[in-house]
Amino acid sequence: MIKRYFKLLLQLVRNNIVLEMEYRVKFIISMLTSIYWVVFQLFLIELFFGYTNNLFGWNKAELFLFTGLFRLSKSLFDIFVRRNFFEFSENVNQGLLDFILTKPVNPLFLCSVRRHKYANIPDLIIGTAVCFYVFNLMGVSISLATVFSLLLMVITGFVAYYSIFLLIVPLAIFMTRLTAISDLNNVFANMLRYPTTTISRDNLVANLFLLPVAIVATLPIMIFLRKGGFLLILVELILVSVIFFAAISFWNFALKHYSSASS
Amino acid sequence: MRKFFMMVRLAVIEIMAYRVDTFLYLASGIISPVIMLTIWLTIDSSGGRLPMEKTILVNYFLILMVVEIANSAWSSQFVSADIRYGRLSKYLIKPFSYFMQYGGQNIGEKVLKFIYLLPLVFIMGIIFQARPVEEFSVTTLLLFITSWILSALLMFLVDFIMGLASFWLQDSNSLSELHDVLYFIFSGRIVPIVALPSVAQQISFILPFRYMLSFPVEIITGKMTVVEISSGLSMQILWLTVTVILYYFVWTKGLKRYSAVGA
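Only a predicted model underlies this, so the values are computations on that prediction, with no experimental measurement involved.

### With respect to the overall build of chain A
Here is step 1: When its secondary structure is counted, chain A shows 11 helices and 0 strands.
Here is step 2: Ordered by position from the N terminus, the helices and strands of chain A form the series α-α-α-α-α-α-α-α-α-α-α.
Here is step 3: In chain A, buried positions account for 49% of the 263 residues.
Here is step 4: The long-range share in chain A, meaning contacts at least 24 apart out of those at least 6 apart in sequence, stands at 78%.

### So, the packing of aromatic side chains
Here is step 1: Under the defined criterion, the tally for this structure stands at 32 aromatic pairs over all chains.
Here is step 2: Measuring from ring centre to ring centre gives 6.5 Å for F40 of chain A and F43 of chain A, while their planes differ by 25 degrees; the resulting arrangement is stacked. With a gap of 3 residues between them, F40 of chain A and F43 of chain A both fall in helix α2 (residues 24-48), about one helical turn apart.
Here is step 3: Owing to a relative accessible area of 4%, F40 of chain A belongs among the buried residues under this scheme.
Here is step 4: Relative accessible area serves as the criterion here: at 27%, F43 of chain A is assigned to the partly exposed category.
Here is step 5: Put simply, the rings of Y91, Y98, F99, Y102, F156, F160, F167, W168, Y247, Y248 and W251 of chain B pair up and form one aromatic cluster.
Here is step 6: Over the ring of Y85 of chain B we find R84 of chain B, and its NZ or CZ is 5.6 Å from the ring centre.
Here is step 7: In this structure, K113 of chain B packs its charged tip against the face of W74 of chain B, placed 4.5 Å from the ring centre.

### Description of the confidence of the model for chain B
All names here are of chain B.
Here is step 1: Here chain B shows a mean pLDDT of 84. Residues at 70 or above account for 95%.
Here is step 2: When pLDDT is averaged over each helix and strand of chain B, the minimum, 76, is found for helix α1 (residues 2-16) and the maximum, 93, for helix α10 (residues 209-212).
Here is step 3: Per the prediction output, this complex has pTM 0.78; the corresponding ipTM is 0.75.

### Regarding the pattern of salt bridges
Residues and elements named next belong to chain B.
Here is step 1: Summed over all chains, the structure comprises 9 salt bridges over all chains.
Here is step 2: A salt bridge links R189 to E68; its shortest N-O distance comes to 2.8 Å. With a gap of 121 residues between them, R189 in the loop between α8 (173-186) and α9 (198-206) and E68 in helix α3 (residues 54-71) connect regions that are remote in the sequence.
Here is step 3: Look at E68 and you get buried, because its relative accessible area is 10%.

### With respect to the environment of S241 of chain A
All names here are of chain A.
Here is step 1: Its location among the elements puts S241 in helix α11 (residues 230-256).
Here is step 2: A relative accessible area of 31% places S241 in the partly exposed class.
Here is step 3: Measuring from C-alpha to C-alpha, the distance between S241 and A160 comes to 8.3 Å, with 81 residues separating the pair along the chain.
Here is step 4: A polar side-chain atom of S241 sits 2.5 Å from the main-chain carbonyl oxygen of L237.

### Focus: the confidence of the model for chain A
Interpreting fine coordinate detail is not advised for predicted regions of low pLDDT.
Here is step 1: On average, chain A scores 79 in pLDDT, and the residues at 70 or more come to 83%.
Here is step 2: When the criterion is pLDDT under 50, residues 197-205 of chain A qualifies, and its contacts beyond four places in sequence or with other chains add up to 4 contacts.

### Comments concerning the side chain of S214 of chain B
Residues and elements named next belong to chain B.
Here is step 1: Positionally, S214 belongs in helix α11 (residues 214-221).
Here is step 2: Polar contacts involving the side chain of S214 include one to the side chain of E218, which spans 2.7 Å.
Here is step 3: Once you skip the residues sitting within four places of it in the chain, S214 turns out to touch Y60, L64, S187, G188 and I193.

### Here's the deal with helix α3 (residues 60-94) of chain A
Residue and element names in this part refer to chain A.
Here is step 1: For α3, spanning 35 residues, the distance from its first C-alpha to its last is 47 Å, which sits close to the expected 51 Å at 1.5 Å a residue.
Here is step 2: In α3, a bend of some 60 degrees at V81 exceeds every other bend along the element.
Here is step 3: Where burial is concerned, most of α3 is hidden: 26 out of the 35 residues are buried.
Here is step 4: In this structure N59 caps α3, since a side-chain oxygen of it lies 3.2 Å from the backbone nitrogen of A61.
Here is step 5: Downstream of α3 by a residue or two, G95 has a phi angle that is positive, lying close to 80 degrees.

### Structural notes on the packing of α3 of chain A against helix α6 (residues 121-138) of chain A
Residue and element names in this part refer to chain A.
Here is step 1: In the contact formed by α3 and α6, the axes pass within 8 Å of each other and the chain directions differ by 160 degrees. With respect to each other, α3 and α6 are oriented roughly antiparallel. For the element pair α3 and α6, the recorded crossing hand is left-handed. Residues A61, E62, F64, L65, G68, L69, R71, L72, S75, L76 and I79 of α3 touch α6, and the partners they reach there are I121, D123, L124, G127, T128, V130, C131, Y133, V134, F135, L137 and M138.
Here is step 2: Its residues assigned to classes, the contact of α3 with α6 shows 16 nonpolar, 4 polar and 3 charged.

### Side note on the side chain of K113 of chain B
Residues and elements named next belong to chain B.
Here is step 1: Mapped onto the secondary structure, K113 falls in helix α6 (residues 98-127).
Here is step 2: Buried charge without a salt bridge: K113, with E109 as the nearest opposite-charge side chain at an N-O distance of 5.0 Å.
Here is step 3: Not counting residues within four places of it along the chain, the set of residues in contact with K113 comprises T22, L26, I69, S72 and W74.

### A short note on a nonpolar patch on the surface
Residues and elements named next belong to chain A.
Here is step 1: Taken together, the side chains of F230, L231, I233, L234, V235, L237, I238 and V242 make up a nonpolar region of the molecular surface, amounting to roughly 770 Å² of accessible area.
Here is step 2: Within the secondary structure, L231 sits in helix α11.
Here is step 3: Residue classification places L231 among the exposed residues on the basis of a relative accessible area of 62%.

So, how was this worked out
- Throughout, a residue's number is its position along its own chain's written sequence, starting from 1.
- Chain A is the first chain written and ligand 1 is the first ligand written, with later ones labelled in order.
- Per-residue local features of the predicted model are confined to residues with pLDDT of at least 70, and side-chain atom pairs are confined, for both listing and counting, to 80 or more; whole-chain, interface and lining totals are unaffected and use all residues.
- To get the side-chain values, take all heavy atoms of the structure and skip hydrogens and water.
- Labels follow the DSSP assignment, with helices taken as runs of H or I lasting at least four residues and strands as runs of E lasting at least two, numbered in each case from the N terminus.
- Each residue is assigned to one of three classes by its accessible area relative to the maximum for its type, calculated with a 1.4 Å probe on protein chains only: buried under 20%, partly exposed between the two thresholds, exposed over 50%.
- A contact between two residues is defined here by any heavy atoms of the two lying within 4.5 Å.
- Here a Phe, Tyr or Trp ring, Trp counted by its six-membered ring, pairs with any other such ring whose centre lies within 6.5 Å, and the pair is stacked when the planes are under 30 degrees apart, edge-to-face when over 60, and tilted otherwise.
- In this analysis the charged atom, NZ for Lys or CZ for Arg, is taken to sit over a ring once it is within 6 Å of the ring centre and within 35 degrees of the ring normal.
- Looking at any residue, its pLDDT shows the predictor's confidence there, from 0 to 100.
- The term salt bridge refers to a pairing of a side-chain nitrogen on Lys or Arg with a carboxyl oxygen on Asp or Glu at a separation within 4 Å.
- Contacts described as polar in this section are N or O atom pairs within 3.5 Å, which, within protein, must combine one atom able to donate a hydrogen with one able to accept it, while residues neighboring in sequence count only if both atoms come from side chains.
- The span you would expect from a helix comes to 1.5 Å times its residue count less one.
- A residue's bend is given by the angle between axes fitted to the 7 residues ending at it and the 7 residues starting at it.
- In this analysis an axis means a line fitted to C-alpha atoms, helices contributing only their contacting stretch, and an angle means the value between N-to-C directions, from 0 to 180 degrees.
- When an angle is under 35 degrees it counts as roughly parallel; over 145 it counts as roughly antiparallel; between 65 and 115 it counts as roughly perpendicular; any other value is oblique.
- Should the near helix be turned anticlockwise from the far one by less than a right angle, the crossing is termed left-handed; should it be turned clockwise, right-handed.
- Polarity classes work like this: nonpolar for Ala, Val, Leu, Ile, Met, Phe, Trp, Tyr, Cys and Pro, charged for Asp, Glu, Lys and Arg, and polar for all others, with Gly in that last group.
- Within this scheme the basic residues Lys and Arg register as positive and the acidic residues Asp and Glu register as negative, but His and the chain ends are omitted.
- Surface patches are drawn from residues lacking salt bridges whose relative accessible area is over 30%; two like charges belong together within 9 Å, two nonpolar side chains (Val, Leu, Ile, Met, Phe, Trp, Tyr) within 5 Å.
- All accessibility values rest on the Shrake-Rupley procedure with a 1.4 Å probe; residue burial counts only the protein chains present in the view.

Structure representation (structure tokens):
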């Protein structure tokens, strides 16, 4: 079963490479813009630190690391999932979802990773470069353990990011049009650029609002920087799995209510 | 003019069918200024300094939010699609101009956005403890409104011209990506122009992006001198003239090219 899906994924990768190479100029331009956004992000942090020497209780190096790490999780999402989620509402609207449902593959798999966007690959490289630059800056020795925990955090962040979107995307089945999902992604990416630290007790609403940000990026990085302690790892794991399973059940629930465009 | 109001009315009716979508788009427009404001206020409370007084900063981002949503233009992607798929022909035989079609639509969609927006801004005002603009006079108000209208026109025209570029380019998407890149830094959307490094500030005075968004906001919030206001306004008028000429040029040249392809 896993082998079958792995083979399928490989085939999808091959198809997508062929597709992307058809539009080479576009590919190069989006590569350049994705590089630009990271640089812009670092420039903003640099700018803020011209006015202060700590932001949300984080110093400059830590925020750089935050940017680099979040960039890694997000780029995994951007490369493999984003385009599929954006197209989902359109697929429902036009009745194209029928074609996916009738295929002998898990529909969630196909709706998540069918179309890729390799122009975001430089993000992965830049994200990694930023991380190692910061390690160098902070004097962290780069061992196998560091790389391993880095990977673990990136994957946790990716799963969290994916799950949060999966909580929203199936809404398209219940509504006539939900093209704003792509904009919602911008909102989210915007919020995620900065850490939400110390969950303060006095403002519950703000905390609920910021919880997704905390799960995707802040908590993993706090764990990595040993800002939290062991309890934080537990909290993060529980939160991510709760959201992941909630999202999958919502997806299944929504699919049951899908009536195709013609029937 | 009656035709134009008809366009607006049609757009209002259409947008009313997609209320949730509109709300989500609006939310994404609001979130960025709110985050930037929060960051600056955090800098202030953690002992850093601000590029301008706190009350001015709060007003700046709140007014910016309103101006940006009022000015926002998104026609280029539709214009580009119309040209590439040949749908433009359909509009050419209608008894109103193509430009008017999208202009009316733009204004119509904002009617609903503003119904949502005004209470939201009011709530934000309370949350961020906004205080009325100091040294407020009728002259500044008039200058603000004039400059606001100019900026909205400029924003719409620039966007529209980018769409028209599809007469020549296969894919005007990369053009708008390039535009976004520059717009983010030089429009004052993320960081007020005064907070930028001086080189970037000088560049922003020349490029059109500041005159598309932050200049009217600067007029009403900042204590600008007469020279600053008048030179800014002249730059605004200059850029508007340039874009109007460019629009006519691109439209007539492009249309000739288009009919050559279609017929």
